[in-house]
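Below, each chain spelled out in residue letters.
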There are 2 protein chains.
Amino acid sequence: MDSTRGGGRLAELRPYDCWALLAGVQVGRVAWCRPEGPSVVPVNLALVSGALWFRTTLGSALVRECRGQRVAIEVDQVDIPTRSGWSVVVHGVAQVIEDDDVPESLHVLEVWPAGDRTAYVKVEPVDVSGRRLQGAPTG
Amino acid sequence: MDSTRGGGRLAELRPYDCWALLAGVQVGRVAWCRPEGPSVVPVNLALVSGALWFRTTLGSALVRECRGQRVAIEVDQVDIPTRSGWSVVVHGVAQVIEDDDVPESLHVLEVWPAGDRTAYVKVEPVDVSGRRLQGAPTG
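Residues numbered from 1 in each chain as written. Chains lettered and ligands numbered in written order. Predicted model: local features only at pLDDT ≥ 70, side-chain atom pairs only at ≥ 80, totals over all residues. Heavy atoms only, no water.

The name recorded for chain A in an unreviewed UniProt entry is Pyridoxamine 5'-phosphate oxidase, from Nocardioides szechwanensis.

Q: An account of the overall build of chain A is needed here, citing residue identities and associated values.
A: Of the regular secondary structure elements, chain A holds two helices and eight strands. Reported as C-alpha extents along the three principal axes, the dimensions of chain A are approximately 55 × 35 × 30 Å. Here chain A, with 139 residues, has 46% of them falling under the buried criterion. In chain A, the proportion of contacts linking residues at least 24 apart, taken out of those at least 6 apart, comes to 70%. Positive and negative side-chain charges in chain A, numbering 14 and 17 respectively, have mean positions lying 8 Å apart. (Helix = DSSP H or I, 4+ residues; strand = E, 2+ residues; numbered from the N terminus. Buried < 20%, exposed > 50% of the residue type's maximum accessible area, 1.4 Å probe, protein only. Contact = heavy atoms within 4.5 Å. Lys, Arg positive; Asp, Glu negative; His and termini not counted. Charge placed at Lys NZ, Arg CZ, Asp CG, Glu CD.)

Q: Can you lay out the pattern of salt bridges for me, pointing to particular residues and giving the numbers?
A: Using the criterion set out here, one finds 20 salt bridges over all chains in the structure. Measuring nitrogen to oxygen at the nearest pair gives 3.5 Å for the salt bridge that ties E74(B) to R29(A). One end of the pair, E74(B), is in strand β6 (residues 70-79); the other, R29(A), is in strand β2 (residues 27-34), on a second chain. Judged by its relative accessible area of 0%, E74(B) is buried. (Salt bridge = Lys/Arg side-chain N within 4 Å of Asp/Glu carboxyl O.)

Q: How would you explain the state of the cysteines if you had to name every residue and give the values?
A: A full pass over the atoms with the stated rule returns one disulfide over all chains. One disulfide in the model links C33(A) with C33(B); its S-S distance is 2.4 Å. Between C33(A) and C33(B), the disulfide has an S-S torsion of -130° and is therefore left-handed. With C33(A) in strand β2 and C33(B) in strand β2 (residues 27-34), the pair connects residues from two separate chains. Cysteine C66(A) remains unbridged, with the sulfur of C33(A) as its closest cysteine sulfur at 9.3 Å. (Disulfide = S-S within 2.5 Å.)

Q: Could you give an account of the pairing of strand β3 (residues 37-44) of chain B, naming the residues involved and the relevant values?
A: Residue and element names in this part refer to chain B. Buried residues dominate β3, accounting for six of its eight residues. Pairing geometry for β2 and β3, over eight bridges, is antiparallel. Residue pairing in the sheet places R34 in a bridge with G37 of β3. Counted along the chain from β2 to the antiparallel partner β3, the turn is two residues long. (Pairing = 2+ DSSP bridges.)

Given below as C-alpha coordinates:
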(Lines give C-alpha, C1' and ligand atoms only; values in the text may rest on other atoms or scores of the structure.)
Protein backbone atom coordinates (compact mmCIF):
# COMPACT_ATOMS: atom_id res chain seq x y z
CA MET A 1 0.00 0.00 0.00
CA ASP A 2 2.88 2.39 0.74
CA SER A 3 4.09 4.19 -2.34
CA THR A 4 5.68 7.18 -0.62
CA ARG A 5 9.22 5.77 -0.79
CA GLY A 6 11.50 6.72 -3.63
CA GLY A 7 9.19 9.48 -4.82
CA GLY A 8 10.20 12.65 -6.62
CA ARG A 9 11.40 15.85 -5.02
CA LEU A 10 8.87 18.66 -4.75
CA ALA A 11 10.34 22.18 -4.59
CA GLU A 12 8.81 25.64 -4.42
CA LEU A 13 9.29 27.71 -7.56
CA ARG A 14 10.74 31.21 -7.27
CA PRO A 15 8.37 34.04 -8.26
CA TYR A 16 10.59 34.70 -11.30
CA ASP A 17 10.11 31.14 -12.49
CA CYS A 18 6.34 31.26 -11.88
CA TRP A 19 6.03 34.35 -14.07
CA ALA A 20 8.24 32.86 -16.78
CA LEU A 21 6.04 29.76 -16.87
CA LEU A 22 2.83 31.84 -16.90
CA ALA A 23 4.15 33.80 -19.89
CA GLY A 24 3.99 30.70 -22.05
CA VAL A 25 0.61 29.29 -21.06
CA GLN A 26 -2.27 28.70 -23.42
CA VAL A 27 -4.54 26.65 -21.17
CA GLY A 28 -5.34 26.76 -17.47
CA ARG A 29 -8.17 26.08 -15.06
CA VAL A 30 -10.24 28.70 -13.29
CA ALA A 31 -11.72 27.82 -9.90
CA TRP A 32 -14.36 29.88 -8.17
CA CYS A 33 -16.78 29.54 -5.27
CA ARG A 34 -20.48 29.09 -5.94
CA PRO A 35 -22.99 29.12 -3.11
CA GLU A 36 -23.15 25.31 -3.28
CA GLY A 37 -19.37 24.80 -3.43
CA PRO A 38 -16.37 25.16 -5.70
CA SER A 39 -16.39 24.87 -9.45
CA VAL A 40 -13.52 24.62 -11.92
CA VAL A 41 -13.32 24.83 -15.71
CA PRO A 42 -10.48 24.82 -18.24
CA VAL A 43 -9.99 28.00 -20.28
CA ASN A 44 -7.58 29.42 -22.80
CA LEU A 45 -5.39 31.99 -21.04
CA ALA A 46 -2.84 34.64 -21.85
CA LEU A 47 -0.56 36.72 -19.65
CA VAL A 48 -0.67 40.33 -20.84
CA SER A 49 1.06 43.14 -18.93
CA GLY A 50 1.16 41.14 -15.74
CA ALA A 51 -2.50 40.07 -15.71
CA LEU A 52 -4.06 36.79 -16.76
CA TRP A 53 -6.88 37.08 -19.28
CA PHE A 54 -9.48 34.67 -20.58
CA ARG A 55 -12.62 34.95 -22.66
CA THR A 56 -15.98 33.38 -22.14
CA THR A 57 -19.62 33.90 -23.06
CA LEU A 58 -21.39 36.86 -21.49
CA GLY A 59 -24.24 34.74 -20.14
CA SER A 60 -22.04 32.03 -18.66
CA ALA A 61 -22.09 30.97 -15.01
CA LEU A 62 -18.43 31.88 -14.95
CA VAL A 63 -19.17 35.55 -15.73
CA ARG A 64 -22.26 35.77 -13.52
CA GLU A 65 -20.57 34.20 -10.55
CA CYS A 66 -16.96 35.41 -10.88
CA ARG A 67 -17.42 39.10 -11.61
CA GLY A 68 -15.68 41.02 -8.85
CA GLN A 69 -15.02 37.79 -6.96
CA ARG A 70 -11.81 36.10 -6.04
CA VAL A 71 -10.75 33.23 -8.33
CA ALA A 72 -7.84 30.81 -8.44
CA ILE A 73 -6.16 29.96 -11.73
CA GLU A 74 -4.01 26.87 -12.02
CA VAL A 75 -1.64 26.05 -14.87
CA ASP A 76 0.59 23.03 -15.02
CA GLN A 77 2.58 20.70 -17.16
CA VAL A 78 2.76 17.03 -16.29
CA ASP A 79 5.00 14.37 -17.76
CA ILE A 80 3.56 10.98 -16.90
CA PRO A 81 6.50 8.78 -18.03
CA THR A 82 9.00 10.61 -15.78
CA ARG A 83 6.42 11.46 -13.08
CA SER A 84 7.58 15.05 -13.15
CA GLY A 85 6.04 18.43 -13.81
CA TRP A 86 5.28 21.87 -12.49
CA SER A 87 2.22 23.77 -11.36
CA VAL A 88 1.61 27.50 -10.81
CA VAL A 89 -1.43 28.89 -8.98
CA VAL A 90 -2.54 32.51 -9.20
CA HIS A 91 -5.11 34.15 -6.94
CA GLY A 92 -6.84 37.38 -7.84
CA VAL A 93 -10.15 39.12 -8.42
CA ALA A 94 -11.91 38.54 -11.76
CA GLN A 95 -12.86 41.74 -13.58
CA VAL A 96 -15.09 41.59 -16.64
CA ILE A 97 -13.71 44.13 -19.13
CA GLU A 98 -15.71 45.92 -21.83
CA ASP A 99 -14.58 45.46 -25.41
CA ASP A 100 -13.33 49.06 -25.68
CA ASP A 101 -11.06 48.64 -22.70
CA VAL A 102 -9.37 45.49 -23.91
CA PRO A 103 -5.70 46.15 -24.74
CA GLU A 104 -4.57 45.64 -28.33
CA SER A 105 -1.87 43.26 -27.10
CA LEU A 106 -4.61 40.79 -26.15
CA HIS A 107 -4.53 39.35 -29.67
CA VAL A 108 -2.12 36.81 -28.16
CA LEU A 109 -5.12 35.26 -26.40
CA GLU A 110 -6.36 32.60 -28.75
CA VAL A 111 -9.59 30.81 -27.91
CA TRP A 112 -9.75 27.29 -29.27
CA PRO A 113 -13.48 26.48 -29.23
CA ALA A 114 -15.75 28.12 -31.79
CA GLY A 115 -18.46 30.50 -30.59
CA ASP A 116 -18.91 34.04 -29.39
CA ARG A 117 -16.84 34.63 -26.31
CA THR A 118 -17.32 38.35 -25.95
CA ALA A 119 -16.71 38.58 -22.21
CA TYR A 120 -13.08 39.36 -21.48
CA VAL A 121 -12.06 38.49 -17.96
CA LYS A 122 -8.92 39.95 -16.41
CA VAL A 123 -7.33 38.62 -13.23
CA GLU A 124 -4.64 40.81 -11.65
CA PRO A 125 -2.62 38.41 -9.51
CA VAL A 126 -2.53 39.16 -5.80
CA ASP A 127 -0.42 36.14 -5.17
CA VAL A 128 1.45 33.66 -7.33
CA SER A 129 3.05 30.43 -6.18
CA GLY A 130 4.29 27.30 -7.81
CA ARG A 131 6.00 23.99 -7.34
CA ARG A 132 8.14 21.75 -9.47
CA LEU A 133 8.25 17.98 -9.09
CA GLN A 134 11.41 16.28 -10.22
CA GLY A 135 10.85 12.66 -11.07
CA ALA A 136 12.56 10.00 -8.98
CA PRO A 137 15.19 7.87 -10.70
CA THR A 138 13.62 4.60 -11.82
CA GLY A 139 14.97 1.10 -11.39
CA MET B 1 -8.79 40.71 -32.08
CA ASP B 2 -11.52 38.23 -32.98
CA SER B 3 -10.31 34.66 -32.80
CA THR B 4 -13.71 33.00 -32.39
CA ARG B 5 -14.06 32.10 -36.07
CA GLY B 6 -13.02 28.71 -37.31
CA GLY B 7 -12.59 27.34 -33.79
CA GLY B 8 -13.01 23.75 -32.68
CA ARG B 9 -16.26 22.07 -31.79
CA LEU B 10 -17.02 21.67 -28.08
CA ALA B 11 -19.37 18.80 -27.18
CA GLU B 12 -20.71 17.46 -23.90
CA LEU B 13 -19.37 14.04 -22.97
CA ARG B 14 -21.80 11.28 -22.07
CA PRO B 15 -21.62 10.05 -18.45
CA TYR B 16 -20.24 6.74 -19.75
CA ASP B 17 -17.36 8.54 -21.44
CA CYS B 18 -16.66 10.67 -18.36
CA TRP B 19 -16.35 7.56 -16.21
CA ALA B 20 -14.15 5.81 -18.78
CA LEU B 21 -11.81 8.81 -18.84
CA LEU B 22 -11.75 9.05 -15.03
CA ALA B 23 -10.76 5.37 -14.84
CA GLY B 24 -7.43 6.16 -16.48
CA VAL B 25 -6.42 9.30 -14.62
CA GLN B 26 -3.26 9.68 -12.58
CA VAL B 27 -3.30 13.45 -12.06
CA GLY B 28 -6.07 15.98 -11.47
CA ARG B 29 -6.72 19.23 -9.67
CA VAL B 30 -8.76 19.63 -6.49
CA ALA B 31 -10.56 22.93 -5.95
CA TRP B 32 -12.10 23.94 -2.63
CA CYS B 33 -13.45 27.07 -1.00
CA ARG B 34 -11.45 28.77 1.74
CA PRO B 35 -12.93 31.68 3.68
CA GLU B 36 -10.85 34.08 1.55
CA GLY B 37 -11.73 32.46 -1.78
CA PRO B 38 -11.09 29.40 -3.91
CA SER B 39 -7.91 27.37 -3.97
CA VAL B 40 -6.77 24.65 -6.33
CA VAL B 41 -3.87 22.18 -6.25
CA PRO B 42 -2.79 19.28 -8.46
CA VAL B 43 -2.87 15.81 -6.89
CA ASN B 44 -2.36 12.22 -7.91
CA LEU B 45 -5.75 10.55 -8.21
CA ALA B 46 -7.25 7.14 -8.65
CA LEU B 47 -10.80 5.99 -9.32
CA VAL B 48 -11.59 3.03 -7.05
CA SER B 49 -15.09 1.52 -6.84
CA GLY B 50 -16.71 4.64 -8.22
CA ALA B 51 -14.98 7.14 -5.90
CA LEU B 52 -11.99 9.37 -6.56
CA TRP B 53 -9.17 9.07 -4.04
CA PHE B 54 -6.10 11.12 -3.34
CA ARG B 55 -3.49 11.24 -0.58
CA THR B 56 -2.04 14.22 1.18
CA THR B 57 -0.32 15.13 4.45
CA LEU B 58 -2.45 15.04 7.58
CA GLY B 59 -1.57 18.61 8.56
CA SER B 60 -2.15 20.13 5.12
CA ALA B 61 -4.54 22.99 4.42
CA LEU B 62 -6.26 20.64 2.01
CA VAL B 63 -7.19 18.22 4.81
CA ARG B 64 -8.03 20.91 7.39
CA GLU B 65 -10.22 22.84 5.00
CA CYS B 66 -11.77 20.11 2.83
CA ARG B 67 -12.83 17.54 5.41
CA GLY B 68 -16.58 17.12 5.08
CA GLN B 69 -16.74 19.94 2.54
CA ARG B 70 -17.71 19.98 -1.06
CA VAL B 71 -14.82 19.93 -3.55
CA ALA B 72 -14.49 19.97 -7.34
CA ILE B 73 -11.99 17.74 -9.08
CA GLU B 74 -10.95 18.49 -12.64
CA VAL B 75 -9.03 16.15 -14.93
CA ASP B 76 -8.16 16.89 -18.51
CA GLN B 77 -5.95 16.10 -21.45
CA VAL B 78 -4.91 18.87 -23.78
CA ASP B 79 -3.16 18.58 -27.12
CA ILE B 80 -1.71 21.97 -28.00
CA PRO B 81 -0.68 21.25 -31.63
CA THR B 82 -4.22 20.19 -32.62
CA ARG B 83 -5.96 22.51 -30.11
CA SER B 84 -8.05 19.63 -28.92
CA GLY B 85 -8.68 17.83 -25.67
CA TRP B 86 -11.19 16.79 -23.07
CA SER B 87 -12.02 17.75 -19.50
CA VAL B 88 -14.08 16.03 -16.81
CA VAL B 89 -15.24 17.72 -13.60
CA VAL B 90 -16.49 15.83 -10.55
CA HIS B 91 -18.24 17.40 -7.57
CA GLY B 92 -18.54 15.67 -4.25
CA VAL B 93 -17.84 15.85 -0.54
CA ALA B 94 -14.29 15.10 0.65
CA GLN B 95 -14.08 12.45 3.37
CA VAL B 96 -10.79 11.83 5.17
CA ILE B 97 -10.49 8.06 5.65
CA GLU B 98 -8.52 6.31 8.38
CA ASP B 99 -5.80 3.92 7.30
CA ASP B 100 -7.76 0.85 8.47
CA ASP B 101 -10.73 1.74 6.30
CA VAL B 102 -8.76 2.21 3.09
CA PRO B 103 -9.65 -0.51 0.57
CA GLU B 104 -6.90 -2.89 -0.54
CA SER B 105 -7.58 -1.94 -4.15
CA LEU B 106 -6.23 1.53 -3.45
CA HIS B 107 -2.71 0.31 -4.25
CA VAL B 108 -3.48 1.63 -7.74
CA LEU B 109 -3.15 5.15 -6.32
CA GLU B 110 0.48 6.07 -6.85
CA VAL B 111 1.73 9.30 -5.33
CA TRP B 112 4.62 10.81 -7.23
CA PRO B 113 6.23 13.18 -4.72
CA ALA B 114 8.25 11.73 -1.85
CA GLY B 115 7.00 12.27 1.71
CA ASP B 116 4.46 10.93 4.13
CA ARG B 117 0.99 11.38 2.74
CA THR B 118 -0.95 9.45 5.31
CA ALA B 119 -4.28 11.22 4.85
CA TYR B 120 -6.49 9.38 2.37
CA VAL B 121 -9.22 11.51 0.93
CA LYS B 122 -12.24 9.96 -0.78
CA VAL B 123 -14.66 11.90 -2.95
CA GLU B 124 -17.90 10.15 -3.86
CA PRO B 125 -19.11 11.94 -6.98
CA VAL B 126 -22.50 13.62 -6.72
CA ASP B 127 -22.21 14.89 -10.24
CA VAL B 128 -19.88 14.24 -13.14
CA SER B 129 -19.74 16.18 -16.38
CA GLY B 130 -17.30 16.61 -19.19
CA ARG B 131 -16.61 18.15 -22.54
CA ARG B 132 -14.51 17.25 -25.52
CA LEU B 133 -12.99 19.82 -27.85
CA GLN B 134 -12.31 18.67 -31.36
CA GLY B 135 -9.64 20.75 -33.05
CA ALA B 136 -10.61 22.85 -36.05
CA PRO B 137 -9.09 21.87 -39.38
CA THR B 138 -6.04 24.04 -40.02
CA GLY B 139 -5.19 25.88 -43.21
